[in-house]
Amino acid sequence: MNATAETMSRSNTSTLYGPILIVIALTVAWRTILFNGPLGSDDLVYFGRALDIATGQWTSADYNGALRYGFNIPAGFLLWALGNGEFQINLWPLICSVLEVAAVWFYCKGRFGEKTALLAATLLALTPLHVAAATRVHTDPIASFFLTLSFILFLESESRKSRTWAFAAGLAMGMVFWTKELLGLALFSFVLWPLVVFRIERRWIHVVAGGLLMLFAHFALMQIISGDPLHLFKTVFGQISRSFIAEGTGEDSPLYYFKYLLFDIRHTALIGPLALIGILTIAARWHTLSIQTKLDLRGLLFWLLSLMAILSLFPVSLSPLRFAMKQSNYLTLFLAPLCILSAIFLAHLKPRTSWPLLALIAATAVPLAVLQQHSYRVFVSNSKAALSFAKKNPNDLIFASRNNVNIALFDSRVSGNQETSSRFNHLTTAEPENLTRPDNKGRLIVVEDRETLGWNKIDHLLQPIPPCWTLLEVLTPEGLPSSMIASRTAMEFATKLPASLSERITSQLARVSHPQPARLWQVPIENPWCVTSTSLYG
């Protein structure tokens with residue numbers, strides 16, 4: 001790495017907007033091409049709450065996903081302004097994903113130069129998980145954008161000695177809480193900043209003021225909606241105490257993010273390993289850097305390392321000892337600083353090295369992003385086929401897995417027609433022996449979708465199939481895009497690798513290449529479980 005002032009200091013050249021506008025356009029296009037659509041999980045909750053807001057209904061709820069107004073209010077406004085639809089409900093996450101790319105460019109441009117800024121934006125635009133998250137109806141790309149914005153505004157306020165930028169940073173931090181309250185924990189990273197700069201500044205009061213303004217605005221909204229300003233806190237703490245702490249569910253290993261960000265390339269391609277090399281190179285050349293460059297890099301390293309420390313090592317319970325809950329979708333929170341570190345390293349390599357390396361990153365990131373979309377679409381492909389069957393047979397009553405039911409509900413919210421979804425019923429382990437009868441001359445149909453059965457813990461697993469059921473057909477999966485071609489190509493390529501590596505890769509690809517089969521069974525209405533002298537589960 002060349003650490004001269006010319007290459008590592010702030011850029012003094014005029015800003016060229018053409019290249020970044022091209023990157024932004026490609027960012028939008030790539031995410032639109034790899035549009036994911038519904039998963040049939042919390043996206044159903046977010047869609048429902050956004051629709052409520054779009055139609056002026058403000059009601060309380062006892063599930064934190066329904067209280068995330070950093071998603072629900074903007075998404076509801078977009079539904080009101082642009083009309084109901086699958087793309088419209090996904091527009092707010094997509095906008096935030098693109099804005100995060102632009103924010104990274106802005107941050108880097110003033111600190112590390114135009115070249116590094118453009119590289120960082122390009123890397124973030126290509127990162128597989130960042131691409132995948134952009135078109136999923138959930139809060140992660142929104143929370144990720146506002147957390148990135150919090151760090152950028154705060155570091156800019158430190159550089160500019162600006163109270164206005166500090167106040168704006170506090171507002172952005174408040175939006176993180178409004179969007180995903182659990183990620184309020186990430187904001188504790190900023191508490192570590194005085195340990196980095198060895199001083200206390202009056203200016204930081206403005207950060208606190210911005211954050212408190214957003215917090216009290218949230219209290220006011222909760223008071224209006226539920227009659228309790230602390231309703232969200234009580235809801236979240238109750239859920240954490242019941243499931244994560246008491247039942248021991250969820251992942252909390254302190255090494256989780258280190259593993260998936262730096263050594264597992266499925267979500268980040270080569271960006272994690274490259275960022276690690278960048279950190280090591282910066283450390284080795286630290287003594288050669290200018291004072292200003294050291295200050296800029298100090299802020300960037302603080303951004304990444306404080307986040308890693310807080311979200312990996314913060315204890316949320318001492319008895320039993322449990323660290324902060326980890327989820328793969330939370331990896332999006334770290335992508336911006338990782339891409340910036342990777343870009344700094346790339347920008348200071350000679351072109352004969354940097355260009356082939358950048359091409360290798362793209363050659364890795366593009367197919368991984370395609371496979372992320374493919375695995376997502378595979379999971380719901382049988383549910384979409386079951387929905388099509390129900391639409392073609394309007395008299396039949398359908399019993400199915402939770403995901404089959406949720407995809408039908410999502411479709412009803414897109415279309416505004418609940419006729420089809422009203423005929424879907426969740427077949428659970430608690431289902432009585434006599435299933436509900438159709439109201440007309442229709443049939444009683446059970447969907448045996450092996451791809452989604454068991455995804456919800458109370459799904460009836462249908463093992464074994466009762467002997468009096470009649471097989472109607474095997475569903476043909478629907479909604480699988482051109483990524484099927486990429487999946488088959490990847491499988492063919494993997495077979496040409498050395499045996500041990502080939503076996504490991506093909507086994508991973510096989511799990512996401514095609515859905516497990518889904519079969520439709522016609523069930524006798526008078527005796528649906530073929531009960532004789534034994535009970536349903538005897």
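This text goes with the structure placed above it.
Reading guide: rules and limits
Residues numbered from 1 in each chain as written. Predicted model: local features only at pLDDT ≥ 70, side-chain atom pairs only at ≥ 80, totals over all residues. Heavy atoms only, no water. Pairing = 2+ DSSP bridges. Helix = DSSP H or I, 4+ residues; strand = E, 2+ residues; numbered from the N terminus. Axes fitted to C-alpha atoms, helices over the stretch in contact; angles between N-to-C directions. Contact = heavy atoms within 4.5 Å. Phe/Tyr/Trp six-rings, centres within 6.5 Å; stacked < 30°, edge-to-face > 60°. Buried < 20%, exposed > 50% of the residue type's maximum accessible area, 1.4 Å probe, protein only. Right-handed = clockwise from strand over helix to strand, strands pointing away. Expected span 1.5 Å × (residues − 1). Core = buried A, V, L, I, M, F, W, Y, C linked by side-chain atoms within 4.5 Å. Disulfide = S-S within 2.5 Å. Salt bridge = Lys/Arg side-chain N within 4 Å of Asp/Glu carboxyl O. Parallel < 35°, antiparallel > 145°, perpendicular 65-115°, else oblique. Left-handed = near helix turned anticlockwise from the far one by under 90°. Nonpolar A, V, L, I, M, F, W, Y, C, P; charged D, E, K, R; others polar.

Visitor: Help me out: how do you make sense of the sheet that holds strand β4 (residues 424-426) in this one?
Guide: Spatial ordering of the open sheet is given by β4-β3-β5-β7-β6, a layout of five strands whose pairing is mixed. Bordering the open sheet on either side are β4 and β6 (470-474), each of which pairs with just one other strand. In this sheet, neighbouring strand axes are inclined to one another by 30° on average, regardless of whether the strands run parallel or antiparallel. Bridging between β6 and strand β7 (residues 518-523) involves four bridges; their strand directions are antiparallel. For Val474, the partnering residue across the bridge sits in β7 and is Arg519. Sheet contacts for helix α19 (residues 351-392): β3 (397-400), β4, β5 (444-449), β6 and β7; angle to β5, the most-contacted strand, approximately 165°.

Visitor: Just checking my understanding: could you explain the packing of aromatic side chains for this structure?
Guide: The description of two aromatic rings rests on the distance between their centres and on the angle between their planes. Going through the model one piece at a time under the given rule, you end up with 25 aromatic pairs. Between Phe154 and Phe190, the ring centres sit 5.3 Å apart and the planes meet at 75°, which makes this aromatic pair edge-to-face. Of this pair, Phe154 sits in helix α9 (residues 140-160) while Phe190 sits in the loop between α10 (163-179) and α11 (193-197), placing them 36 residues apart in sequence. Through a chain of ring-to-ring contacts, the aromatic side chains of Tyr107, Phe112, Phe151, Phe154, Phe190, Trp193, Phe302 and Trp303 assemble into a single cluster.

Visitor: Looking at this structure, how should I read the pairing of β3?
Guide: Looking along a regular strand, one sees the side chains alternate between the two faces of the sheet. Where burial is concerned, the two faces of β3 agree: the one with Leu397 and Phe399 and the one with Ile398 and Ala400 are both buried. Here β3 pairs with β5 via three bridges, running parallel. Within β5, the residue paired with Phe399 across the bridge is Val446. Where the polypeptide runs from β3 across helix α20 (residues 402-415) and back to β4, its parallel neighbour, the crossover connection is right-handed.

Visitor: Hey, could you run me through the pairing of β5 in this one?
Guide: The element β5 is largely enclosed, with a buried count of six among its six residues. Taken together, the six bridges between β5 and β7 define a ladder with antiparallel strand orientation. For Val447, the partnering residue across the bridge sits in β7 and is Leu520.

Visitor: Please explain helix α12 (residues 204-226) as it appears in this structure.
Guide: An α-helical segment advances 3.6 residues per turn. Residues three or four places apart therefore align on the same side. Between its first and last C-alpha, α12 extends 33 Å over 23 residues, near the 33 Å set by a 1.5 Å rise per residue. Among all positions in α12, only Trp204, Val207, Gly210, Met214, His218, Phe219, Leu221, Met222 and Ile225 are buried. Note on α12: the residue one or two positions beyond its end, Gly227, has a positive phi of about 80°.

Visitor: Sorry, what's going on with the nonpolar core here?
Guide: Burial of nonpolar side chains together is a common tendency in soluble globular proteins. Membership of the largest hydrophobic core comes to 114 residues, with the highest contact counts inside it found for Trp303, Phe334 and Ile340. Examining the composition of this core, we find that 13 residues originate from one element, helix α18 (residues 332-347), more than from any other. Phe389, Val405, Ile407 and Val447 belong to the second largest nonpolar core, which has 18 residues in total.

Visitor: Any chance you could explain the state of the cysteines here in plain terms?
Guide: Two cysteines whose sulfur atoms are joined by a covalent bond form what is called a disulfide. Counted according to the given criterion, the structure contains one disulfide. No disulfide involves Cys108; its nearest neighbouring cysteine sulfur is the one of Cys339, lying 9.5 Å away. When its relative accessible area of 0% is taken as the criterion, Cys108 is described as buried.

Visitor: How should the pattern of salt bridges be read in this particular structure?
Guide: It is possible for side chains bearing opposite charge to pair when their charged atoms get close. Under the counting rule described, the total for this entry stands at 17 salt bridges. When the shortest N-O distance is used, the salt bridge between Glu158 and Arg199 registers 3.9 Å. Of this pair, Glu158 sits in helix α9 while Arg199 sits in the loop between α11 and α12; the two residues are 41 residues apart in sequence, bridging distant segments of the chain. Residue classification places Arg199 among the partly exposed positions, given a relative accessible area of 30%. In this structure, Arg203 and Glu201 form a salt bridge, with 3.9 Å as the shortest nitrogen-oxygen distance. Its relative accessible area of 9% is what places Arg203 among the buried residues. Accessibility expressed as a relative area gives 22% for Glu201, which makes it partly exposed. One salt-bridge network, held together by shared partners, links Arg111, Glu156, Arg160 and Asp296.

Visitor: Looking at this structure, how should I read the environment of Gln516?
Guide: Here Gln516 shows up in the loop between α22 (499-513) and β7. Separated by 137 residues in the primary sequence, Gln516 and Phe379 place their C-alpha atoms 8.9 Å from one another. Residues in contact with Gln516, not counting those within four places in the same chain, are Asn382, Asp449, Arg450 and Glu451.

Visitor: Honestly, α9 in this entry has me stumped. Any pointers?
Guide: Between its first and last C-alpha, α9 extends 30 Å over 21 residues, near the 30 Å set by a 1.5 Å rise per residue. Burial analysis of α9 places 18 of its 21 residues in the buried class, which makes it a mostly covered element. Lys161 sits one or two residues past α9 and shows a positive phi near 55°.

Visitor: Even after reading the chapter, I still don't get the packing of helix α6 (residues 91-112) against helix α7 (residues 114-126), so can you show me in this structure?
Guide: For any two helices packed against each other, one specifies the crossing angle of their axes together with the interaxial distance. One can describe the packing of α6 onto α7 by two numbers: an axis separation of 7 Å at closest approach and a directional angle of 160°. Taken as axis vectors, α6 and α7 run roughly antiparallel relative to one another. Seen along the crossing, α6 lies across α7 with a hand that is right-handed. Contacts between α6 and α7 pair Glu100, Val101, Val104, Trp105, Cys108, Lys109 and Phe112 from the former with Glu114, Thr116, Ala117, Leu118, Ala120, Ala121, Leu124 and Ala125 from the latter.

Visitor: I keep staring at the packing of helix α2 (residues 17-33) against α7 and nothing clicks. Help me out?
Guide: The N-to-C vectors of α2 and α7 enclose an angle of 5°; their axes lie 10 Å apart at closest approach. Relative to α7, the element α2 is oriented roughly parallel. In this structure, α2 contributes Pro19, Ile20, Val23, Thr27, Trp30 and Arg31 to the contact, and α7 contributes Leu118, Ala121, Thr122, Leu124 and Ala125. Residue classes in the contact of α2 with α7 are distributed as eight nonpolar, two polar and one charged.

Visitor: Is there a simple way to think about unusual backbone geometry in this case?
Guide: Trans is the prevailing form of peptide bonds, just as negative phi is the prevailing case for residues other than glycine. Following Gln463, the chain continues into Pro464 via a peptide bond in cis, with omega recorded as -5°. Turning to its location among the elements, Pro464 is positioned in the loop between β5 and β6. Not every positive phi belongs to a glycine, and Leu462 is a case in point at roughly 55°. Judged by its relative accessible area of 2%, Leu462 falls in the buried class. A positive phi is found at Cys530, a non-glycine position, where the angle reads about 55°.

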